[in-house]
Amino acid sequence: MDDDIRNIVLGVVAAGISAALGWLARTYLWRRRLRRKQAFLGLPGNSECLLVVNREAGGDGAVHRYDVFALLELAAMIKDCGAHAQIIQHDTARQGFGERTEFCLGGPVSNRRMAAHLSSLLPGVKINTDPEPGPERGAFQIGSERYRAEPGVAEYVLLARLTAGEESRPVFLFCGQRAITNQAASRYLARHHEKLARKHGDGSFCLLLKVVNSQAYGADVVELVADVTRAAQAPVPVVHNSHRAKD
């Protein structure tokens, strides 16, 4: 009987030690992933960040519903990092960047802050801001390449992480040809931040994404077209080729 009790006690102790070691291992891995996520997003615990939003065309301070969905995607990541967000309108964000992480949504027409970031940080990106309808409306020119939208079929969006130095916090840009593409880019960041962190570390990058068949799939089907960091950060040349988005 004594041997049986001893075996039971040893079994319970062994199970307890195994459970404790498993919990410690899971906690260590979770904390390591969290630290990597915080470093990539520039969001240490209890830090503050900015969510800079545009205004819906023709609206009086309104934010497009797809941009609201994008904010929800970003808010979930910010909460996971234990950080706090402040939402401000694009025309009230009169400050530099680098002190706080910034998430900036919208194209240069509806978001002055985005226009300033593109001009100073991504001079190789030119966006057609002509208000008249036409095939060139909203087209991206990146370096020598041009990317035109086919609304509802294939549209482009830029997802960028940019820093001014090693000690500065990043600014994330979600600059799409339509509001739904901003949501798609924020969802892409939420889904692939670990992969992006492994590839780019804490450095700058600019990715060109294509949202496929948004009229049927919404913001769910997104393809990585190219890493356009080098072309986007260089002045745009005069000669260019024309591309039309296709499935």
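For every chain, the first residue of the written sequence is number 1, and numbering continues from 1 along that sequence. For this predicted model, a pLDDT threshold of at least 70 governs which residues receive local features, and a threshold of 80 or more governs which side-chain atom pairs are given and counted, while totals over whole chains, interfaces and linings are taken from all residues. With hydrogens and water stripped out, all remaining heavy atoms of the structure feed into the side-chain values.

A. Region of interest: the packing of aromatic side chains. Only Phe, Tyr and Trp rings take part, Trp by its six-membered ring, and two of them pair if their centres are within 6.5 Å. Stacked means planes under 30 degrees apart, edge-to-face means over 60, and tilted covers everything else. Across all of its chains, the model carries 5 aromatic pairs by this definition. A ring pair is formed by F40 and F172, whose centres lie 5.9 Å apart and whose planes are at 65°; its orientation type is edge-to-face. Highlighted residues: F40 in helix α1 (residues 2-41) and F172 in strand β8 (residues 171-176), separated in sequence by 132 residues. Taking the relative accessible area as the measure of exposure, F40 reaches 1% and is therefore buried. Ring centres 6.2 Å apart and planes at 5° place the aromatic pair F40 and F205 in the stacked group. On the criterion of sequence distance, the pair formed by F40 in helix α1 and F205 in strand β9 (residues 205-212) is long-range, its members being 165 residues apart. When sorted by exposure, F40 lands in the same class as F205, which is buried. Strands are runs of DSSP state E lasting at least two residues, helices are runs of H or I lasting at least four, and both sets are numbered from the N terminus onward. Exposure is judged per residue with a 1.4 Å probe applied to protein chains only, and the accessible area is read against the type maximum: over 50% gives exposed, under 20% gives buried, and values in between give partly exposed.

B. A look at the packing of helix α2 (residues 65-80) against helix α4 (residues 179-200). Helix axes are fitted only over the stretch in contact, all axes being lines through C-alpha atoms; the angle between N-to-C directions runs from 0 to 180 degrees. Their axes nearest at 7 Å, the elements α2 and α4 cross at an angle of 15°. Classed by the angle they form, the pair α2 and α4 counts as roughly parallel. Handedness of the α2/α4 crossing: left-handed. Along the contact surface, α2 presents Y66, D67, F69, A70, E73, L74 and M77, while α4 presents A179, I180, N182, Q183, S186, R187, L189 and A190. Throughout this description, any angle smaller than 35 degrees is read as roughly parallel, any larger than 145 degrees as roughly antiparallel, any in the 65 to 115 degree range as roughly perpendicular, and the remainder as oblique. The handedness criterion is simple: a crossing whose near helix is rotated anticlockwise from the far helix by less than a right angle is left-handed, and one whose near helix is rotated clockwise is right-handed. The contact criterion used throughout is that any non-hydrogen atoms of two residues lie within 4.5 Å.

C. A look at the sheet that holds strand β1 (residues 48-53). Here, any two strands with at least 2 DSSP bridges between them count as paired. One open sheet accounts for 7 strands, arranged β2-β1-β3-β8-β7-β9-β10; its pairing is mixed. Because the sheet does not close on itself, it has two edges, and the strands there are β2 (84-89) and β10 (222-227). Strand-to-strand, the axes of this sheet are offset by a mean angle of 20°, without reference to chain direction. Pairing analysis gives 6 bridges linking β1 to β2, with the strands arranged parallel. Within β2, the position partnered with C49 by the bridge is A85.

D. Geometry of helix α3 (residues 112-121). Where α3 is concerned, the buried positions are R113, M114, H117, L118 and L121. Within α3, the buried residues cover an arc of 135° as seen down the axis, which keeps them to one side. Away from its buried face by more than 90 degrees, α3 exposes R112 and S119. Buried residues along α3 sit against β1, β3 (101-105), β4 (125-127), β7 (154-162) and β8. Here a polar contact is recorded for every N or O atom pair within 3.5 Å, except that within protein the pair must consist of a potential hydrogen donor and a potential acceptor, and residues adjacent in sequence are included only if both atoms are side-chain atoms. By the N-cap criterion, in which a side-chain oxygen at the helix start approaches the backbone nitrogen of a residue two or three places on, α3 is capped by N111, the distance to R113 being 2.9 Å. Arc definition: directions from the helix axis to the C-beta atoms.

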